Amino acid sequence: MLATLKGERQATPPLWLMRQAGRYLPEYRALRAEKGGFLALVEDSDAAAEVTIQPIRRFGFDGSILFSDILMIPRALGQDLWFETGEGPRLAPLMDNEATVDTLAYHPEALEAVYGTVRRVAAMLPPQVTFLGFAGSPWTVATYMIAGQGSREQAAARRLAYADPGLMQVLIDKIIASTVDYLAKQIEAGVEAVQLFDSWAGSLSPAQFERWVIAPNAAIVEQLRTRCPNTPIIGFPKGAGGKLAAYARETGVDAIALDESVDPVWADANLPTDLPVQGNLDPLALIAGGATLDAAVDRILAAFPTRPHVFNLGHGIQQDTPIAHVEALIARVRGGRG
């Protein structure tokens, strides 16, 4: 997988799944119940390492992704973070004024448990498995920080970006600086590639996308390359659609992950030549299974006849995904190779 991210096409694409370490696995649910919740798992390096390894042990994926959360950066910036049962992460919302944003200060020690997890996983993984770290991209992280939770339209963040772009830039710059340090320290601890998750990139107009998605991700790529020049960076601007080509050109990412709404044939024709791509099976097609799954897998495999390709979902695996369907997916992609 690491060779693919560096531009070497494989006869059989390497395979991993976003959110593969998580709640669709019975062994994960058992460990989470034992530890008492998501954040307790993340902060227990031994437990988080076990969760990270679980899907590798069960399925033999080619990539392993760190078990953590994109909101660890707001927490390191001093914002309260907790998880509501059945509803997901919550942050104490930022007031949209300069005084509140100015109080945010980066506390790198808040992330030590994550680095401890990385060191443990790096020591446990089989050598042929690529270890991925990750962080949220600045726009997506800012939307959570401003609203206190995810929202369908990201209205609070978008309003602030229009009403006071200078204040939004101050917040984005704080996220950029802490994210570069966070990813660099993940790499120093043992991850071999990193992914930037911009889950809410699709909510922005083209001009806003340039300022709040492309520019911040380009800044992270440039600064991280200075600190860690040989580590591939995957960009995932979910919902970017026709803006994907500009994102790929202007951010300088080493590979781009496609969400399920992107036609892979279009992506192959419009993205920079030979840029590695990742994706982009619909997680619901995986749940459907059978002939529906087979056809969807085959179409994606056929879309990239010469381009380096990492097979993945177009977003995170759903909690009600049957284990047997994951096994069928792996067999289909690998063509019988175990």
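This is a predicted model, so every value here is computed, not measured. (Residues numbered from 1 in each chain as written. Predicted model: local features only at pLDDT ≥ 70, side-chain atom pairs only at ≥ 80, totals over all residues. Heavy atoms only, no water.)

Draft legend 1. How the structure looks around helix α16 (residues 323-334). Here α16 is 12 residues long and its end C-alpha atoms lie 17 Å apart, about the 16 Å a rise of 1.5 Å per residue gives. The complete set of buried residues in α16 reads Ile323, His325, Val326, Leu329, Ile330, Val333 and Arg334. The buried residues of α16 occupy an angular sector of 160 degrees when projected down its axis, which confines them to one face. Elements in contact with the buried residues of α16: α2 (26-35), α4 (45-59), β8 (277-281), α14 (283-288), α15 (290-303) and β9 (309-313). Just beyond α16, the residue with positive phi is Gly335, at close to 60 degrees. (Helix = DSSP H or I, 4+ residues; strand = E, 2+ residues; numbered from the N terminus. Expected span 1.5 Å × (residues − 1). Buried < 20%, exposed > 50% of the residue type's maximum accessible area, 1.4 Å probe, protein only. Arc of directions from axis to C-beta. Contact = heavy atoms within 4.5 Å.)

Draft legend 2. Representation of the packing of aromatic side chains in the model. One pass over the full model with this rule turns up eight aromatic pairs. Between Phe38 and Phe83 the ring centres are 4.7 Å apart and the planes differ by 40 degrees, which places this aromatic pair in the tilted class. Of this pair, Phe38 sits in helix α3 (residues 38-43) while Phe83 sits in strand β2 (residues 81-84), placing them 45 residues apart in sequence. For Phe38, a relative accessible area of 11% gives the class buried. (Phe/Tyr/Trp six-rings, centres within 6.5 Å; stacked < 30°, edge-to-face > 60°.)

Draft legend 3. Layout of the nonpolar core. Among the nonpolar cores identified, the biggest contains 121 residues, and Phe61, Met168, Leu171 and Leu281 are the most heavily contacted of them. Among the elements that line this core, the one with the most residues is helix α10 (residues 165-189), at 12 residues. Excluding residues that lie within four positions of it along the chain, Met168 makes contacts with Trp139, Ala142, Ile146, Ala157, Leu160, Ala161 and Trp212. (Core = buried A, V, L, I, M, F, W, Y, C linked by side-chain atoms within 4.5 Å.)

Draft legend 4. Spatial organisation of the side chain of Thr231. Position of Thr231 relative to the elements: it lies in the loop between α11 (206-227) and β6 (233-237). Its relative accessible area of 11% is what places Thr231 among the buried residues. Once residues within four sequence positions are removed from consideration, Thr231 is found in contact with Ile187, Glu192, Ala193, Val194 and Asp254.

Draft legend 5. Spatial organisation of the pairing of strand β5 (residues 193-198). Of all six residues that make up β5, six are buried, and the element is covered over most of its length. Side chains Ala193, Gln195 and Phe197 of β5 all project onto a buried face; the interleaved residues Val194, Leu196 and Asp198 project onto the opposite face, where all are buried too. Inspection of the sheet shows β5 paired to β6 by five bridges, in the parallel sense. Residue pairing for β6: Gln195 is matched across the bridge by Ile234. You can see the chain leave β5, run along α11 and come back into β6, and the turn it takes is right-handed. (Pairing = 2+ DSSP bridges. Right-handed = clockwise from strand over helix to strand, strands pointing away.)

Draft legend 6. Summary view of the environment of Arg32. Summarising the element assignment, Arg32 is placed in helix α2. For the pair formed by Arg32 and Pro305, sequence separation is 273 residues and the distance between their alpha carbons is 41 Å. In contact with Arg32, other than residues within four places in its own chain, are Gly37, Phe38 and Leu41.

Draft legend 7. Main features of unusual backbone geometry. Backbone torsion omega between Gly279 and Asn280 reads -10 degrees, so that peptide bond is classified as cis. On the secondary structure map, Asn280 appears in strand β8. The phi torsion at Arg19 lies on the positive side, around 65 degrees, for a residue other than glycine. Positionally, Arg19 belongs in the loop between α1 (2-5) and α2. Even without being a glycine, Asp274 presents a positive backbone phi close to 70 degrees. Tracing the chain through its elements places Asp274 in the loop between α13 (264-270) and β8.

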